[in-house]
Amino acid sequence: MANQNNNKGGQQQDVNQLLKVRREKLQNLQEAGKDPFQITKYNVTHHSSDVKELYNAHEAEILGDRKAPDVEGLDDAAKREVINNDYNERREIMDAKPIEVSIAGRMMFKRVMGKASFCNIQDLKGNIQVYVARDNVGEDSYADFKKSDIGDIYGVKGFAFRTKTGEISIHAEEITLLSKSLQILPEKFHGLTDTDTRYRQRYVDLIMNQESKEVFIKRSQILKEIRNFLAGRDFMEVETPMLVSNAGGAAARPFETHYNALNEDVKLRISGGLERVYEIGRVFRNEGVDTRHNPEFTLMELYQAYTDYEGMMELTESMFRYLAEKVCGSTKISYNGVEIDLGKPFARMTMIDAIKKYAGVDFDQVPDDAAAKKLADEHNIEYEERHKKGDIVNLFFEEYCEKELIQPTFIMDHPIEISPLTKKKPSDPTKVERFELFCNTWEMCNAYSELNDPIDQRERFAAQDANAAAGDDEAEHTDEDFLNALEIGMPPTGGIGYGIDRLVMLLTDSQAIRDVLLFPTMKSLDGVNKKNDVNN
């Protein structure tokens, strides 16, 4: 144990010395009038992948007809000479019409070899090798470059070329240190693998793990394509308040805070004359954290006048198919090794039929609350005394059905007791026109034929107030402003809420919600600045 402690102490001392050396290098640069932090901009003309694509196309155009040298029957020395001469001829032809580029990025590798060196620059679109020679960049710049550290950010101007090993690279003519890295990046081979550290220091994760960066690039693309899809259907994006006096819209426990200027307690919203509107925004639930839930998350709410939950099903199915094609390149995607087909028509099943299929219980034949509770007792399903038949139905569905729903499936016609904002089915007033889309066992969205009858809505709110009084922390509360809006008149409307984070998880094959949140909610660590979890 003593030896282990001594080793750790020695390692920490080594790290501290390396950090000290980096700061000394910065100080020397500053004293020499070369402070990188005084540089305010840099003209970037290309990214790494752009350079490679341009060079390949340029090379094909200029050297497309040139054949590889014939080395058949030659000994090794003669082969090398012929191949070397061919390379030099190719270089001479290509260099006569150079592709001049200016890139910028983080140096992830460096190999110094006397008067010439190689380094690898990583930018948004990938990485590219850079050849840095003293005779091209100048003695002072080369001397500074030799003292550079992994993690430093450089601007490079030069021309593209292909090395003898076939790697497209940049021949540097000018190099500029744009930012000095004062911390040490994780060792390249092992990378940043500690999950907790990846979430807390996402900025390092994005540097070291290309897979993480690709997830967030895809997340941005998903949001962009959602907006494109809805714009094509004439939807208008709107914004609504985050701080509200009544955090309605979903069964969840809200966060609470206080407006000092108004001297009023308010809540962070749970969910959020125009016919088609939507909003993408941050919403909050003061509840648990697991692989699929985060207290702060992104939700899209959408409302379309003159349609119902059938219209919302068509929109949802079309949008999921569109997103898969645009983002993944196919309507068949893979999650955790299981193929999910978004190209086929989505299955449709009522909640009652799903329970009948997977639990063998037909709740249409259950006459009342008491009989439902008796069934729950027989199936060892826990419930609260205040629960009614509709609540028991939902508990059976969660226990027996959700885990079976891998392929996209609309679960429809929920009990009225668990759907206080939804229109009753004209054919059966104990159920409502509501659906949830399940995929990969997850609830992906929740949709209604919106209740626009203010009298019915007031009665439903009264029932929710009674539930709250009986101890239901997630019950809705009477919202007089909402009722007033209904009394003015709201047309038949379909409404839906999509969890964006879970959708991103599905389309990027990510195993936890924290993998798709740039800065997920984390418990503060002891001995750290609680604002950002960085050691003081």
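Residues numbered from 1 in each chain as written. Predicted model: local features only at pLDDT ≥ 70, side-chain atom pairs only at ≥ 80, totals over all residues. Heavy atoms only, no water.

### Let's talk about the sheet that holds strand S10 (residues 276–284)
Heads up, the rule is: The pairing criterion is simple: DSSP has to find at least two bridges between the two strands. Secondary structure elements follow DSSP: runs of H or I no shorter than four residues count as helices, runs of E no shorter than two count as strands, and numbering proceeds from the N terminus. Contact criterion: two residues are considered in contact whenever any of their non-hydrogen atoms come within 4.5 Å of each other. Helix axes use the C-alpha atoms of the stretch in contact, all axes being lines fitted to C-alpha atoms, and the angles between their N-to-C directions lie in the range 0 to 180 degrees.
Taken in spatial order, the eight strands make up an open sheet running S6-S10-S11-S20-S19-S18-S15-S14, and their pairing is mixed. In this open sheet, the two strands that pair with only one neighbour each are strand S6 (236–237) and strand S14 (347–350). Direction of pairing for strand S18 (residues 434–439) relative to strand S19 (residues 442–449): antiparallel, over a ladder of six bridges. Bridging across to S19, Glu436 finds its partner in Asn446. Of the strands in this sheet, strand S11 (296–305), S14, strand S15 (409–412), S18, S19 and strand S20 (493–499) are in contact with helix H9 (residues 309–328), which crosses S20 at around 35°. Along the sheet, helix H15 (residues 500–508) makes contact with S11, S18, S19 and S20, crossing S19 at roughly 135°.

### Section: the nonpolar core
Heads up, the rule is: We call a set of buried Ala, Val, Leu, Ile, Met, Phe, Trp, Tyr and Cys residues a nonpolar core when their side-chain atoms join them within 4.5 Å. Between buried and exposed lies partly exposed: a residue is buried under 20% and exposed over 50% of the maximum accessible area for its type, with that area taken using a 1.4 Å probe on protein chains only.
In this structure, Ile226, Met300, Leu302 and Phe435 are the most contacted members of the largest nonpolar core, which totals 45 residues. In terms of residues, this core owes the most to one element, H9, which gives nine residues. Setting aside anything within four residues of it in sequence, one finds Leu302 in contact with Leu230, Phe235, Val277, Tyr278, Met312, Leu315, Gly494, Gly495 and Ile496. Core analysis: the next-biggest nonpolar cluster, separate from the first, contains 25 residues, Cys119, Val137, Phe145 and Val156 among them.

### Focus: the packing of aromatic side chains
The following threshold applies: Stacked, edge-to-face and tilted are the three classes for Phe, Tyr and Trp ring pairs, Trp counted by its six-membered ring, which pair at centre distances within 6.5 Å; planes under 30 degrees apart are stacked, over 60 edge-to-face, the rest tilted.
With the rule as written, the count across this model stands at twelve aromatic pairs. Pairing Phe320 with Tyr498 gives two aromatic rings, centres 6.3 Å apart and planes at 35°, and the pair type is tilted. Linking Phe320 in helix H9 with Tyr498 in strand S20, this pair joins segments that are 178 residues apart in sequence. Here the two residues Phe320 and Tyr498 agree in accessibility, since each one is buried. Look at Tyr335 and Trp442: their rings are 5.0 Å apart centre to centre, the planes differ by 80°, and that puts the pair in the edge-to-face class. With Tyr335 in strand S12 (residues 332–335) and Trp442 in strand S19, this pair connects stretches of sequence that are 107 residues apart.

### Looking at unusual backbone geometry
Here Asp413, not a glycine, exhibits a phi torsion of approximately 60°, which is positive. The residue Asp413 is located in the loop between S15 and strand S16 (424–425) in this model. Residues other than glycine seldom take positive phi values, yet Asp509 does so here, at roughly 55°. The residue Asp509 is located in the loop between H15 and strand S21 (528–529) in this model.

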